[in-house]
Amino acid sequence: MLRMPAFASLADPEIFRSVYLDYGVPVWQDGDIDIAPELLYQDGTAENCKTGN
């Protein structure tokens, strides 16, 4: 998806980490970019990551 112009800015780790949920939908940049949760569930893959907790 990062190759698509609409999502290209998410390749920047700082922008990617700025995600927040709006009515259960992950969004970035004040809602200019969003990804349907159904798509993430269907096509997403689990990754090991540190959450900072």
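Our structure is the block above this text.
Owing to the predicted nature of the structure, the values given are computational and were not obtained by experimental measurement. (Residues numbered from 1 in each chain as written. Predicted model: local features only at pLDDT ≥ 70, side-chain atom pairs only at ≥ 80, totals over all residues. Heavy atoms only, no water.)

## Topic: the sheet that holds strand β2 (residues 25-28)
Right, so step 1: With respect to topology, 3 strands assemble into an open sheet ordered β1-β2-β3, the strand pairing being antiparallel. The two strands at the open ends of the sheet, each matched to only one other strand, are β1 (20-22) and β3 (33-34).
Right, so step 2: Taken together, the 2 bridges between β2 and β3 define a ladder with antiparallel strand orientation. Across the sheet, W28 pairs through a bridge with I33, a residue of β3. (Pairing = 2+ DSSP bridges. Helix = DSSP H or I, 4+ residues; strand = E, 2+ residues; numbered from the N terminus.)

## Let's talk about the pairing of β2
It is a general feature of regular strands that their side chains alternate between the two faces of the sheet.
Right, so step 1: Pairing analysis gives 3 bridges linking β1 to β2, with the strands arranged antiparallel. For D22, the partnering residue across the bridge sits in β2 and is V25.
Right, so step 2: If you look at the hairpin formed by β1 and β2, you'll find 2 residues sitting between the two strands, and Y23 has a positive phi there, around 55°.
Right, so step 3: From the end of β2 to the start of β3, which pair antiparallel, there are 4 residues, and Q29 there has a positive phi angle of about 50°.

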